Amino acid sequence: MSRGGRHVYGALSVLAAGALVLTGCSKGGSDSGTNDKKDQQDAKAQQASIKFGNAAESTGPAADVPGAKPGGTMEVLQRDSFAHLDPGQIYVSDQMALAQLIHRGLTGYKATSNDGKQHEVVGDLATDSGTTTDGGKTWKYTLKDGIKFQDGTPITSKDVRQSIERLFAPFITQGPTYLQQWLANASGANYRKLLPDGPYKGKHLPNSVLETPDAKTIIFHFAKPHPDLPYTLAMAGYSVVSAKGDTKEKYDKTPLATGPYEIQSFKSGKSMVLVKNPNWDPKTDPIRHQYVDQFNFTFNQQFETSTKALLADSGPDQTGVSFSNQVDAGNLSQVLRDPKLKSRTVSGYQPYVGQMNINMSKPEMKDIRVRQAIAYALPVTPFVRAYGGTDAMEVAGGVISPTVSGYDASFDPWGKKKSPAGDPAKARELLKQAGKLNMKLTFGYTNTPEGQQYSTAMAAGLKKAGFNVQRQEIPSETYYDQVSKLNNSYDIFHTAWGADWPSASTVIPPLFDGRGIADGAQNYPQLNDPKVNSEIDRISTITDPVKAAAEWEKLDQYIVKDAVAVVPTAYYKQTQIAGSKVGGLVYDDVIGGVDPRRLYIK
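Chains are numbered independently. Their residues run from 1 in the order of the written sequence. Where local features are concerned, this predicted model is filtered to residues with pLDDT of at least 70; where side-chain atom pairs are given and counted, the filter is 80 or more; whole-chain, interface and lining totals use all residues. Remark: hydrogens and water are excluded; side-chain values derive from all non-hydrogen atoms of the structure.

## A short note on unusual backbone geometry
In plain terms, the rule: What counts as a helix is a DSSP run of H or I of at least four residues, what counts as a strand is a run of E of at least two, and both are numbered from the N terminus. The cut-offs for exposure are 20% and 50% of the maximum accessible area for each residue type, with area from a 1.4 Å probe on protein chains only; residues under the lower value are buried, those over the upper are exposed, and the others partly exposed.
Residue Gly 60 is joined to Pro 61 through a cis peptide bond whose omega torsion reads 0°. Mapped onto the elements of the fold, Pro 61 is located in the loop between strand E1 (51–52) and strand E2 (73–77). Backbone geometry places Asn 185, a non-glycine residue, at a positive phi of 55°. Topologically, Asn 185 is positioned in the loop between helix H4 (178–184) and strand E6 (210–211). A relative accessible area of 44% places Asn 185 in the partly exposed class.

## Notes on the pattern of salt bridges
For the record, the criterion: We define a salt bridge as a contact between a side-chain nitrogen of Lys or Arg and a carboxyl oxygen of Asp or Glu at a distance within 4 Å.
Inspection of every chain in the model, using the stated rule, returns 28 salt bridges. We note a salt bridge from Arg 166 to Asp 86, for which the minimum N-O separation is 2.9 Å. Of this pair, Arg 166 sits in the loop between helix H3 (157–165) and H4 while Asp 86 sits in the loop between E2 and helix H2 (93–102), placing them 80 residues apart in sequence. In terms of burial, Arg 166 and Asp 86 fall into one category: buried. When the shortest N-O distance is used, the salt bridge between Arg 369 and Asp 367 registers 3.0 Å.

## Observations concerning the confidence of the model for the chain
This is how the line gets drawn: The quantity known as pLDDT measures the predictor's confidence residue by residue, on a range of 0 to 100. It only takes one pair of heavy atoms within 4.5 Å for two residues to be counted as in contact.
For the chain, per-residue confidence averages 90 on the pLDDT scale, and residues scoring 70 or more make up 92% of the total. Contacts from residues 4–34, a stretch scored under 50 in pLDDT, to residues over four places away or in other chains number 177 contacts.

## Thoughts on the sheet that holds strand E7 (residues 217–221)
For clarity, the cut-off: In this analysis, strands are considered paired if DSSP registers two or more bridges between them. For helices, the axis comes from a line fit to the C-alpha atoms of the stretch in contact; other axes are also lines fit to C-alpha atoms, and the angle between any two N-to-C directions lies between 0 and 180 degrees.
Across the sheet, which stays open at both edges, the 3 strands sit in the order E5-E7-E6 with antiparallel pairing between neighbours. The open sheet has two free edges, formed respectively by strand E5 (138–142) and E6, since each of these has just one partner strand. Here 2 bridges tie E6 to E7, and the two strands are oriented antiparallel to one another. From the neighbouring strand, Leu 210 faces E7, where its bridge partner is Phe 220. Against the sheet, H3 makes contact with E6 and E7, and its axis sits at roughly 35° relative to E7, the strand it touches most.

## So, helix H10 (residues 424–434)
Note the following rule: Each C-beta atom gives one direction from the helix axis, and the arc is the one those directions make.
Among all positions in H10, only Ala 427, Leu 430, Leu 431 and Ala 434 are buried. Summarising the axial view, the buried residues of H10 lie within an arc of 100°, below the 170-degree limit, and thus occupy one face. Those residues of H10 hidden inside the fold are in contact with helix H8 (368–377). Within two residues after H10, Gly 435 carries a phi angle of roughly 65°, on the positive side.

## Digging into the nonpolar core
Short version of the rule: Each nonpolar core is a collection of buried residues, namely Ala, Val, Leu, Ile, Met, Phe, Trp, Tyr and Cys, held together in the definition by side-chain atoms within 4.5 Å.
Membership of the largest hydrophobic core comes to 126 residues, with the highest contact counts inside it found for Phe 220 and Phe 467. In terms of residues, this core owes the most to one element, helix H15 (residues 545–563), which gives 7 residues. Look past the residues within four positions of Phe 467 in its chain and what remains in contact with it is Val 370, Ala 373, Ile 374, Leu 431, Met 439, Leu 441 and Leu 462. In this structure, Ala 257, Phe 266, Val 594 and Ile 601 belong to the second largest nonpolar core, which totals 28 residues.

## A look at the pairing of strand E10 (residues 294–298)
Residues of E10 alternate between two faces, with Phe 295 and Phe 297 buried on one and Gln 294, Asn 296 and Thr 298 left unburied on the opposite face. Here strand E9 (residues 271–276) pairs with E10 via 5 bridges, running antiparallel. Of the residues in E10, the one forming a bridge with Val 273 is Asn 296.

## Focus: the sheet that holds strand E15 (residues 468–474)
Taken together, 6 strands build an open sheet; the order of strands is E13-E17-E12-E16-E14-E15 and the sheet is mixed. Pairing within the sheet leaves two strands with one partner each, and these edge strands are strand E13 (393–395) and E15. Each strand of the sheet is rotated relative to its neighbour by a mean of 30°, with strand direction disregarded. Sheet topology note: the E13/strand E17 (residues 566–577) ladder contains 3 bridges and is antiparallel. In the sheet register, Val 395 faces E17, and the bridge partner there is Ala 570.

Laid out in structure tokens, this is it:
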């Protein structure tokens, strides 16, 4: 999943953050004494498998949050507006956080502790997490009684079928594709051939693939075993859409809610108001709460702005929080070390890994020496500083996070862990060999204060190596839409990705399968390497998770060191702050941030 958009065990790619300095010549990070051992322990804990719950564990209502009470209005300060509200288009972290309140799917992640560290996958709209008798080739789900859309219409298997079939339609370009590929038994974008127009011209998936024999029953048939299906269906991108209310592209702005809240108003780039959904029945929901009467969102609140407002803790900001904004780098050290703020802050290790993508579709990038020069020259010091130094992230070697099984801490092909400021001399020599000194390099960056700062500093490092860097601003709200276009104008641009569940099978294939190159897809560098494609197919058949993890890590190292399609930048951590009257504040490892489902006003 992307951050800043996508997540973790449900799916989120991260918008590149900003730097606080304009040069990349010194050691990245702050020597602020955070508990790195605890960070590593948290990361290791996230690698563990999450169990699948039975019918009893899937029964609502959700367990009460200690001390919670109903009522009141909560302010939500967000940097980015929501580019997508249609579940099928949701695959970035901020939109996924919102989806926890307004959308529901067949399965979901239920917190089984009050600290956000323990979870199980349970039936959400379904009576359990799913049943299979043949190792994962066939999965059966039964819908609960009493589940409805916000307009009071009962949710039936017809809606589930519509929700899945519409994912094959051409206008759905931004969401996850696991389920579609599994149903079609196809790699990359070839799944669309199974139902090219979705359900909109009267055609449907055959019963041999998707069966809905009655209003309550859904049966998936796969050509190969997919034992991870309950994880997959828990992603926001597979939430249920109303068959009757499906307005195709227009659904992206006015979806029908199934969760405890519905959208009362939405002014893109300005504000959003969520109010209680009267047709949500807590007896059917083991995951969510409906304590707060209303959520008032304000967009265009930069990290520094939201941090200062919440630190001031006056007026409406006493009941203020952000689902996605983190504490800005300038205030991070103070916040983490002030004991008076401890009850108002939450922190955690995220599954995201930042990467600078090298656009392989550009002719000048075909020369591996040019790509190697970018890899050596790129300074990651400013990027790490942008988030507050080592309090907020650590320099990355590969694209597999410390939170994902198979992670190799020793892998560091471009020497970034030792010299995060980069090696411009070595890069310049490579450019000389290639005859490309002073070649133009278009650097796409997000138009936030952080983006302005980090791109300036990183560009300066690349210029030292002999590149003629041209920075190009991209609106943050549509950043991922723009960089995922096949014919975009950027030579390099930053994204971040988090595993959709604790396996590199949710990292390497979506990011680097060359058969998945398409508008809106997540193969951002447009890498189409025969070895990578064949290895993805081979490793995907390995059923032993330990052996598979080791093979995914080998492929990670080939992509970074030999294919040189991306330059990893950093592994993410996050600290968030809330007003003093916000209750139920917890950093949830699955969401990768504040858990909005348990919030209340004190």
